[in-house]
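# Observations on the three-dimensional arrangement
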Amino acid sequence: MDSTPDVNGELVVKALAELADADYQTQVWAGRVPAVGSSLIACYASLFGESGLARALDAGPVFSPAIDRELFELRVVLEAVDDCQPIGLLMRDPALTRARLLSAELLAQLGV
């Protein structure tokens with residue numbers, strides 16, 4: 001995956017993979033794998049904050065017009081998820097379901 005110098009592509013791919021994987025979320029976000037810690041909030045922060053992606057998207061083109069549009073959509077969709085709801089409800093949240101699909105599509109578009 002090509003990325004701009006201001007974006008940590010490895011973090012982007014890792015976060016998108018986590019967002020696309022419902023089984024991982026069910027195990028790790030629910031705390032069933034104590035040695036691995038993550039959550040929706042941590043994943044969002046990694047994808048858009050720590051990677052530098054949000055800043056880069058706001059500044060201009062990052063990957064391609066189509067990929068950038070989907071990343072903007074993913075950010076909006078994730079911000080609509082109620083991350084305070086119980087894990088069972090969170091896993092069935094329609095916005096999170098949409099985020100999983102978008103994340104999988106983005107991984108494919110990025111060639112991962």
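Keep in mind that what you see is a predicted model, and the values were worked out from it rather than measured.

### Things to note about the pattern of salt bridges
In the structure shown here, the tally under the stated rule is two salt bridges. The shortest N-O distance in the salt bridge between Arg-75 and Asp-58 comes to 3.0 Å. On the criterion of sequence distance, the pair formed by Arg-75 in helix α5 (residues 65-79) and Asp-58 in helix α4 (residues 53-59) is long-range, its members being 17 residues apart. Among the residues examined, Arg-75 registers a relative accessible area of 13% and is labelled buried. On the basis of relative accessibility, which here comes to 55%, the residue Asp-58 falls in the exposed class. Between Glu-73 and Arg-98 there is a salt bridge, and its shortest N-O distance comes to 2.9 Å.

### Quick word on the nonpolar core
One finds Leu-47, Leu-53 and Leu-74 to be the most contacted residues of the largest nonpolar core, which totals 33 residues. For this core, the secondary structure elements donating two or more residues are α1 (9-20), α2 (22-29), α3 (40-50), α4, α5, α6 (87-92) and α7 (94-109). The leading source of residues in this core is α7, at six residues.

### What about α7?
With 16 residues, α7 should reach 22 Å at 1.5 Å per residue; the first-to-last C-alpha distance of 23 Å fits that figure. Residues Ala-95, Leu-96, Ala-99, Arg-100, Leu-102, Ser-103, Leu-106 and Leu-107 constitute the buried set of α7. Close packing links the buried residues of α7 with α1, α2, α3, α5 and α6. Sitting at the amino-terminal end of α7 is Asp-93, which places a side-chain oxygen 2.7 Å from the backbone nitrogen of Ala-95.

### Focus on the packing of α5 against α7
Where α5 contacts α7, the axes come no closer than 9 Å and their chain directions differ by 160 degrees. Classified by the angle between their axes, α5 and α7 sit roughly antiparallel to one another. Our pair here, α5 against α7, has a crossing hand that is left-handed. Contacts from Ala-66, Ile-67, Glu-70, Leu-71, Glu-73, Leu-74, Val-77 and Leu-78 in α5 reach Ala-95, Arg-98, Ala-99, Leu-102, Ser-103, Glu-105, Leu-106 and Gln-109 in α7. In terms of residue class, the contact of α5 with α7 is made up of ten nonpolar, two polar and four charged.

Parameters at a glance
Residues numbered from 1 in each chain as written. Predicted model: local features only at pLDDT ≥ 70, side-chain atom pairs only at ≥ 80, totals over all residues. Heavy atoms only, no water. Salt bridge = Lys/Arg side-chain N within 4 Å of Asp/Glu carboxyl O. Helix = DSSP H or I, 4+ residues; strand = E, 2+ residues; numbered from the N terminus. Buried < 20%, exposed > 50% of the residue type's maximum accessible area, 1.4 Å probe, protein only. Core = buried A, V, L, I, M, F, W, Y, C linked by side-chain atoms within 4.5 Å. Expected span 1.5 Å × (residues − 1). Contact = heavy atoms within 4.5 Å. Polar contact = N/O pair within 3.5 Å; in protein donor to acceptor, adjacent residues only side chain to side chain. Axes fitted to C-alpha atoms, helices over the stretch in contact; angles between N-to-C directions. Parallel < 35°, antiparallel > 145°, perpendicular 65-115°, else oblique. Left-handed = near helix turned anticlockwise from the far one by under 90°. Nonpolar A, V, L, I, M, F, W, Y, C, P; charged D, E, K, R; others polar.

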